[in-house]
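Topology and contacts: notes
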Amino acid sequence: MTYEIKQAKSTFFSAIVYAISFENPLQELSNISCELTSMLQTPCDVLFDLLLSNGDEFNRFIIGRFDGTGIDYNSLKIIELNDASIIRQINSYYHGKYDYLNNSVLTMRQMTLFAK
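Parameters and conventions
- Residues numbered from 1 in each chain as written.
- Predicted model: local features only at pLDDT ≥ 70, side-chain atom pairs only at ≥ 80, totals over all residues.
- Heavy atoms only, no water.
- Helix = DSSP H or I, 4+ residues; strand = E, 2+ residues; numbered from the N terminus.
- Buried < 20%, exposed > 50% of the residue type's maximum accessible area, 1.4 Å probe, protein only.
- Contact = heavy atoms within 4.5 Å.
- Lys, Arg positive; Asp, Glu negative; His and termini not counted.
- Charge placed at Lys NZ, Arg CZ, Asp CG, Glu CD.
- Salt bridge = Lys/Arg side-chain N within 4 Å of Asp/Glu carboxyl O.
- Pairing = 2+ DSSP bridges.
- Axes fitted to C-alpha atoms, helices over the stretch in contact; angles between N-to-C directions.
- Phe/Tyr/Trp six-rings, centres within 6.5 Å; stacked < 30°, edge-to-face > 60°.
- Lys NZ or Arg CZ within 6 Å of the ring centre and 35° of its normal.

This brings us to the overall build of the protein chain. Helices and strands together make up the secondary structure of the protein chain, namely 5 helices and 5 strands. Along the protein chain, from the amino end to the carboxyl end, the secondary structure elements read β-β-α-β-α-β-β-α-α-α. Each principal axis of the C-alpha distribution contributes one length, and for the protein chain these read about 40 × 30 × 25 Å. Counting all 116 residues of the protein chain, 47% fall into the buried class. Long-range contacts, defined here as pairs at least 24 residues apart, represent 54% of the contacts in the protein chain between residues at least 6 apart. Distance between charge centres in the protein chain, computed from 9 positive and 13 negative side chains, equals 9 Å.

Now the structure itself:
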């Protein structure tokens, strides 16, 4: 498995798909769509946090439209998140997840920052 899905209480998106290794979870859109179908009953936006597969780069966050049955690949867009409180909340997911962080593209310094 290359991802973990968490429901989110955000006005912008209803779920976050976290990459949990250097492998990009966008390769598993059909599996992610199946999981989302059992979690979310209505169409919504889903945030992908690709920190562990893309690094802390311009393409870390991608948003996609879940239509109730799946995520359309063509709806995926790289976005820039500027809300510091949302970023802190997202980053808190990585606290103490050393196995995930060690199996990522992050530098040792970055791993240390996100693990804290």
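From this point, things continue past the structure.
Further remarks concern the pattern of salt bridges. Should their charged atoms come close, side chains of opposite charge can pair. Applying the stated criterion across every chain, the model contains 4 salt bridges. For the salt bridge of Glu 4 with Lys 6, the shortest nitrogen-to-oxygen distance reads 3.1 Å. Take Glu 4: its relative accessible area is 22%, and that puts it in the partly exposed class. Judged by relative accessible area, Lys 6 falls into the partly exposed class, the value being 37%.

What follows concerns the sheet that holds strand β2 (residues 15-19). Through backbone hydrogen bonds, the strands of a sheet pair up, either in parallel or in antiparallel fashion. Spatial strand order, β1-β2-β3-β4-β5: 5 strands in an open sheet with mixed pairing. With partners counted over all chains shown, the strands left at the sheet margins are β1 (3-7) and β5 (77-79), one partner each. For this sheet the average axis-to-axis angle between neighbouring strands, irrespective of direction, equals 30 degrees. With 4 bridges joining them, β2 and strand β3 (residues 44-49) adopt parallel strand pairing. Bridging across to β3, Ala 15 finds its partner in Val 46. Sheet strands touched by helix α1 (residues 29-39): β1, β2, β3 and β4 (61-66). Its angle to β1, the strand with the most contacts, is close to 25 degrees.

This part takes up the environment of Asn 59. Within the secondary structure layout, Asn 59 lies in the loop between α2 (51-54) and β4. Sequence separation between Asn 59 and Ile 79 is 20 residues; the distance between their C-alpha atoms is 7.4 Å. In this structure Asn 59 touches Leu 50, Asn 54 and Ile 78, once residues within four positions along its chain are discounted.

This structure, assessed with the given rule, holds 4 aromatic pairs. Ring centres of Tyr 93 and Tyr 94 lie 5.1 Å apart, and the angle between their planes is 85 degrees; on these two criteria the pair is classed as edge-to-face. Given a relative accessible area of 7%, Tyr 93 falls into the buried group. Taken together through their ring pairs, the aromatic side chains of Tyr 18, Tyr 93, Tyr 94 and Phe 114 make up a single cluster. We note Lys 97 situated over the ring of Tyr 93; from NZ or CZ to the ring centre the distance is 4.2 Å.

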